[in-house]
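Understanding the architecture of this molecule
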Amino acid sequence: MSENMKPGSMERYRVPPHTQVQLSQWDPRDGSAFPGKKQDAKALFRDLNTRLETLQELLYAENKHKLLIVLQGMDTAGKDGVIRHVFEGVNPQGVKVASFKVPTAQELAHDYLWRVHRHTPGRGEIVIFNRSHYEDVLVVRVHELAPPEVWGRRYEHINAFEKLLTDEGSTILKFYLHIDKAAQKNRLQARLDEPLKRWKFNRGDLKERKLWPDYLAAYEGVLSRTSTEAAPWYIVPANRKWYRNLVIATVVVETLEGLAMSYPDPEAALDDVVIV
Ligand code: ADP
């Protein structure tokens, strides 16, 4: 692969701790890490995908590290698409997806992290959170499902919870899929227009769309208060799906490569083994 086709550093999308984030200053169509076109990105993405397959196998074989990936974003931002494309071809035995929906009565009877903790990765595992504990400072804030003094305390809990996980050997990557309102309109319209996408259309999404500014404010709170050294947020330009996938795949692959993993030593003296 030629040098100029390599993506630039993804640092630009990482939110440094204690940054006051204003999403209006982050461009959902940014393409600065890879100025090429969609067509040029294909080979790059295939390469990342193959590397991810190998790294996941290594993670599983070494049975030491745990990787938690958190996906958040407005409706239609592409959480499902990321799961489908970035992890395509990866052995499903080593990757789990946990999707967090409206809590059940039993979940609501407990603290909000109760349902989350049991889905965190064990050694050798990658877990992807499709929505997460962050809903408890997003939808809960926007819809006033809890008073401000209740959700306001949660940023601190969440930082402490994630610190617990990283202290105990997890690596955490959090991605906010950043789209603009026009992109959401197009994607909702496509769900109406294309028969095979109609099943995804949900009238409730239109109600949520009206609350766009409230969600933006809630996301700005999250990104400003919970991006830490150990569990950083990345604001991923997500208007263009291929670019979004490229950014996330690059961060995941580079993070796993940074773990300097190795295969466990095989049993001794295997050269003498004869299989009859
Ligand atoms: P998705 O949009 O993730 O594909 P759904 O359409 O079933 O799946 O939406 C899940 C819904 O559950 C979202 O509206 C989300 O805001 C809501 N939800 C998730 N966690 C919570 C929570 N802790 N409290 C209230 N609602 C939640």
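As the structure is a prediction and not an experimental result, all values here were calculated from the model.

1. Brief notes about the overall build of the protein chain
For the protein chain, the count of helices and strands is eleven helices and five strands. By the compact-globule yardstick of 19 Å for 276 residues, the protein chain fits well, its C-alpha radius of gyration being 20 Å. Projected onto the principal axes, the alpha-carbon positions of the protein chain cover approximately 70 × 45 × 40 Å. Taking all 276 residues of the protein chain together, the buried fraction comes to 47%.

2. Quick look at a positive patch on the surface
Positive charge collects at one region of the surface, where Lys 38, Lys 42, Arg 46, Arg 84 and Lys 241 lie side by side. It is helix H1 (residues 38-62) that provides the largest number of residues to the positive patch, a total of three residues. In this structure, Lys 38 sits in helix H1.

3. Description of the packing of helix H8 (residues 181-193) against helix H9 (residues 203-210)
Where H8 meets H9, the closest approach of the two axes is 12 Å, and the angle between their N-to-C directions is 170°. As far as their axial angle goes, H9 and H8 are roughly antiparallel. For the crossing formed where H8 meets H9, the hand is left-handed. For the pair H8 and H9, contact is made by Lys 181, Gln 184, Lys 185, Leu 188 and Arg 191 and by Asp 205, Leu 206 and Arg 209, respectively.

4. Brief notes about H1
Here H1 contains 25 residues, and its C-alpha end-to-end distance of 35 Å stays within 8% of the 36 Å for a straight helix at 1.5 Å per residue. Listing the buried residues of H1 in full gives Ala 41, Leu 44, Phe 45, Leu 48, Asn 49, Leu 52, Leu 55, Gln 56, Leu 58, Leu 59 and Glu 62. Packing partners of the buried residues in H1 comprise helix H2 (79-86), strand E2 (95-99), strand E3 (126-130) and helix H11 (241-258). Taken from the residues just after H1, Asn 63 is the one with a positive phi, measuring 55°.

5. A short note on the sheet that holds strand E1 (residues 66-73)
Spatially, E2-E3-E1-E4-E5 is the arrangement adopted by the five strands of the open sheet, whose pairing is parallel. Looking at the sheet topology across the chains shown, the edges are occupied by E2 and strand E5 (233-237). Put simply, the sheet's adjacent strands are angled 20° from each other on average, direction ignored. Bridging between E1 and strand E4 (residues 170-178) involves eight bridges; their strand directions are parallel. Looking at E4, one finds that Val 70 is bridged to Lys 174. Packing against the sheet, H2 makes contact with E1, E2, E3 and E4, and its axis sits at approximately 140° to E1.

6. Some points on unusual backbone geometry
If you check the backbone angles, His 18 has positive phi at about 60° while not being a glycine. By secondary structure assignment, the location of His 18 is in the segment before H1. In the Ramachandran plot, Arg 131 falls in the positive-phi region, its phi being about 70° despite a non-glycine side chain. By the element assignment, Arg 131 lies in the loop between E3 and helix H5 (139-142).

7. Quick word on the nonpolar core
One finds Ile 69, Phe 175, Val 252 and Leu 256 to be the most contacted residues of the largest nonpolar core, which totals 79 residues. Beyond its immediate chain neighbours, meaning those up to four positions away, Ile 69 contacts Phe 87, Ile 126, Val 127, Ile 128, Phe 129, Leu 173, Phe 175 and Val 252.

8. Details of the pairing of E1
Each regular strand carries side chains that alternate between the two faces of the sheet. Counting buried residues in E1 gives eight out of eight residues, a clear majority hidden from the surface. The alternating pattern of E1 places Lys 66, Leu 68, Val 70 and Gln 72 on one face and Leu 67, Ile 69, Leu 71 and Gly 73 on the opposite face, and all of these are buried. As paired elements, E1 and E3 share five bridges and run parallel to each other. Note that in E3 the partner of Leu 71 across the bridge is Asn 130.

9. Re the packing of aromatic side chains
The final tally for this structure, using the stated rule, is eight aromatic pairs. Geometrically, the ring pair formed by Trp 242 and Tyr 243 is edge-to-face, given 5.8 Å between the ring centres and 85° between the ring planes. Side by side, Trp 242 and Tyr 243 carry an identical accessibility label, which is buried. Each member of the aromatic cluster is reached from another via a ring pair, and the members are Tyr 13, Phe 34, Trp 242 and Tyr 243. The ring of Tyr 112 has Arg 154 lying over it, and the distance from NZ or CZ to the ring centre is 4.4 Å. A cation sits over an aromatic face here: Arg 240 above Tyr 243, 5.4 Å from the ring centre.

Scoring rules and cut-offs
- Residues numbered from 1 in each chain as written.
- Predicted model: local features only at pLDDT ≥ 70, side-chain atom pairs only at ≥ 80, totals over all residues.
- Heavy atoms only, no water.
- Helix = DSSP H or I, 4+ residues; strand = E, 2+ residues; numbered from the N terminus.
- Rg over C-alpha atoms; globule rule 2.2 N^0.38 Å.
- Buried < 20%, exposed > 50% of the residue type's maximum accessible area, 1.4 Å probe, protein only.
- Patch = residues over 30% accessible without salt bridge, like charges linked within 9 Å, V, L, I, M, F, W, Y side chains within 5 Å.
- Areas by Shrake-Rupley, 256 points an atom, 1.4 Å probe, with all protein chains shown as cover.
- Salt bridge = Lys/Arg side-chain N within 4 Å of Asp/Glu carboxyl O.
- Lys, Arg positive; Asp, Glu negative; His and termini not counted.
- Charge placed at Lys NZ, Arg CZ, Asp CG, Glu CD.
- Axes fitted to C-alpha atoms, helices over the stretch in contact; angles between N-to-C directions.
- Parallel < 35°, antiparallel > 145°, perpendicular 65-115°, else oblique.
- Left-handed = near helix turned anticlockwise from the far one by under 90°.
- Contact = heavy atoms within 4.5 Å.
- Expected span 1.5 Å × (residues − 1).
- Pairing = 2+ DSSP bridges.
- Core = buried A, V, L, I, M, F, W, Y, C linked by side-chain atoms within 4.5 Å.
- Phe/Tyr/Trp six-rings, centres within 6.5 Å; stacked < 30°, edge-to-face > 60°.
- Lys NZ or Arg CZ within 6 Å of the ring centre and 35° of its normal.

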